[in-house]
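Each chain, letter by letter, is given below.
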Amino acid sequence: STHGVLRVKLKLDGEKVVDAECIIGYLHRGIEKISENRSYIECVPYYDRTDYIAAVANVYGFLLGVEKMMGIEVPERGRYIRIMMVEFNRIASHLLWLATHAIDIGAMTVFLYCFREREEILKLFEALFGARLTTHAFRVGGLWKDLPPGFEQAARKFLDEFPARVDEYEQLLTHNRIWMARTQGIGVISGKEAIQWGLTGPPLRGSGVDYDLRKARPYGGYEEFEFDVPLGENGDTYDRYLARIEEMRQSRLIIQQVLDRLPGGPVRGKAPKIVKPPAGEYYSGTESPRGELGYYIVSDGSAQPFRVKIRPPTFIGLQALRRLVKGHLMADVIAIIGTLDIVLGEVDR
């Protein structure tokens, strides 16, 4: 069991991997089926618990879909704060990924450093949402309340300190010969093949494919902010590591722009107490920390979804693990699982 409740059966020739089989389903949450028996508003807390490392980003994608179905406008201040919190969540998620990825390969210090910064973000979550992990962050039409006193100052303090922290991670890892030996040339996949396997997010961009939904199909106001999409060249574990490191810097840049431009006004628009979207089929796709997170929602005009189908990036990405590990040593399997950044709550949704 690694990074959640995942079983991987390996066929080995000595230490060399000949074949691999992923066995999933141990978490069996049934959230998609539960959604058919809850109102749209009651569904929201369940999506905190799919990808529990990126709860803010998960709920965001679902609510954007519901607001699109209902034609609900989110006030500008609400849109800006949402983007800020989703990007804080992206940093926190990547910090947990880097911490666990590093310790899996044997780098203990990075684990402690990353949790030091992640703790500061979780304090911000607790101040605004009242929770640290399963945040129940947003509501239909915006947020449930405005930023608390002192939030902006605490956020700016974190942003001022964070670049030096990322530099520390890189000083420990990026040119470390042990880290390079364990990640360079490991789990190589070309951009074309990554697309064929359905990879998205850092695993796809690490192979040089410039596809980020925040740029390709902007949503929620992302088109108003300047940021770059980091790309790899070799499509290996090392490039996927570098892509996520740079993504944290870009997320910091987005948050800085949000705070500098943050408008006044309400944080929640007009939304009915009972949500009854018109009958039809809708899709909402967002760029979660792990890749394209999609919600396919079918409405029959009632207050409950007729069907909700989640397109989780790591469930799709996990199918490529067999392809990535073949021909490598057994010890490399751990590095490759880590580089996919899987969360089993999302896989076994």
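Reading the values: rules and limits
Residues numbered from 1 in each chain as written. Predicted model: local features only at pLDDT ≥ 70, side-chain atom pairs only at ≥ 80, totals over all residues. Heavy atoms only, no water. Helix = DSSP H or I, 4+ residues; strand = E, 2+ residues; numbered from the N terminus. Expected span 1.5 Å × (residues − 1). Bend = angle between axes of the 7 residues up to and from the residue. Contact = heavy atoms within 4.5 Å. Pairing = 2+ DSSP bridges. Axes fitted to C-alpha atoms, helices over the stretch in contact; angles between N-to-C directions. Buried < 20%, exposed > 50% of the residue type's maximum accessible area, 1.4 Å probe, protein only. Arc of directions from axis to C-beta. Phe/Tyr/Trp six-rings, centres within 6.5 Å; stacked < 30°, edge-to-face > 60°. Core = buried A, V, L, I, M, F, W, Y, C linked by side-chain atoms within 4.5 Å. Parallel < 35°, antiparallel > 145°, perpendicular 65-115°, else oblique. Left-handed = near helix turned anticlockwise from the far one by under 90°. Nonpolar A, V, L, I, M, F, W, Y, C, P; charged D, E, K, R; others polar. Salt bridge = Lys/Arg side-chain N within 4 Å of Asp/Glu carboxyl O.

For helix 6 (residues 151–173), spanning 23 residues, the distance from its first C-alpha to its last is 32 Å, which sits close to the expected 33 Å at 1.5 Å a residue. Phenylalanine 162 marks where helix 6 bends most, by close to 35°; the proline proline 163 follows one to four residues later. In this fold, the buried residues of helix 6 make contact with helix 4 (76–105), helix 5 (108–129), helix 7 (177–183) and helix 11 (237–261).

This brings us to the sheet that holds strand 7 (residues 307–311). One open sheet holds the three strands; their spatial order is 5-6-7, and the pairing between them is antiparallel. Unpaired on one side and paired on the other, strand 5 (280–288) and strand 7 mark the two borders of the sheet. Each adjacent strand pair in this sheet contributes to an overall mean axis angle of 15°, direction not counted. Direction of pairing for strand 5 relative to strand 6 (residues 291–299): antiparallel, over a ladder of nine bridges. What sits directly across from tyrosine 282, in strand 6, is isoleucine 297. Lying on the sheet, helix 2 (residues 40–48) is in contact with strand 6 and strand 7; it crosses strand 6 at an angle near 155°.

Glancing now at the pairing of strand 7. Only one face of strand 7 is buried: it carries Val308 and Ile310, and the other face, with Arg307, Lys309 and Arg311, is open. Pairing of strand 6 with strand 7 involves five bridges; the strand directions are antiparallel. By the bridge assignment for strand 7, isoleucine 297 is matched with valine 308.

Looking now at helix 5. Here helix 5 is 22 residues long and its end C-alpha atoms lie 31 Å apart, about the 32 Å a rise of 1.5 Å per residue gives. Listed as buried for helix 5 are Val110, Cys114, Glu117, Arg118, Ile121, Leu122, Leu124, Phe125, Leu128 and Phe129. Considered in projection along helix 5, the buried side chains sweep an arc of 155° and stay on one side of the axis. Packed against the buried residues of helix 5 are helix 3 (55–70), helix 4, strand 3 (138–139), strand 4 (142–143) and helix 6. Downstream of helix 5 by a residue or two, glycine 130 has a phi angle that is positive, lying close to 80°.

Positionally, serine 284 belongs in strand 5. For serine 284, the residues in contact, after removing those within four places along its chain, are Gly61, Leu64, Gly65, Leu293, Gly294 and Tyr295.

Looking now at the packing of aromatic side chains. Counted by the stated rule, this structure contains 15 aromatic pairs. Between phenylalanine 158 and phenylalanine 162, the aromatic rings sit 5.0 Å apart at their centres with planes inclined by 20°, giving stacked as the arrangement. Here phenylalanine 158 and its partner phenylalanine 162 are both found in helix 6, four residues apart, which amounts to about one turn of the helix. The class for phenylalanine 162 is buried, based on a relative accessible area of 1%. Note on tyrosine 219 and tyrosine 222: the rings are 5.2 Å apart at their centroids and 65° apart in plane angle, and the pair reads as edge-to-face.

The next point concerns the nonpolar core. Core analysis: the biggest nonpolar cluster contains 78 residues, and Phe62, Met84, Met85, Phe88, Leu98 and Phe138 have the highest contact counts within it. Counting only elements with at least two residues in this core, the list comes to helix 2, helix 3, helix 4, helix 5, helix 6, helix 11, strand 6 and strand 7. Contacts of leucine 98, omitting those with residues within four sequence positions, involve Val110, Cys114, Tyr169, Leu173, Tyr241, Ile245 and Met248.

On to the packing of helix 5 against helix 6, then. Contact geometry for helix 5 and helix 6: axes closest at 10 Å, N-to-C directions at 165°. Taken together, the axes of helix 5 and helix 6 are roughly antiparallel relative to one another. For the element pair helix 5 and helix 6, the recorded crossing hand is left-handed. Where helix 5 abuts helix 6, its residues Thr109, Val110, Tyr113, Cys114, Arg116, Glu117, Glu120, Ile121, Leu124, Ala127 and Leu128 lie against Phe151, Ala154, Ala155, Phe158, Phe162, Arg165, Glu168, Tyr169, Leu172 and Leu173. Here the residues of the contact of helix 5 with helix 6 are counted per class, giving 15 nonpolar, one polar and five charged.

The tally for this structure, following the rule as stated, stands at 29 salt bridges. Of the charged contacts, one joins arginine 82 and glutamate 67 as a salt bridge, the two residues approaching to 2.6 Å between their closest N and O atoms. Pair noted here: arginine 82 is in helix 4 and glutamate 67 is in helix 3, with a separation of 15 residues, a long-range link. Summarising the burial analysis for this pair, arginine 82 and glutamate 67 share the class buried. A salt bridge links glutamate 246 to arginine 249; its shortest N-O distance comes to 3.5 Å. Here glutamate 246 pairs with arginine 249, and both are found in helix 11, just three residues apart, close to one helical turn. Sharing partners across several salt bridges, the network here consists of Glu87, Arg90, Arg205, Asp212, Arg214, Glu247 and Glu287.

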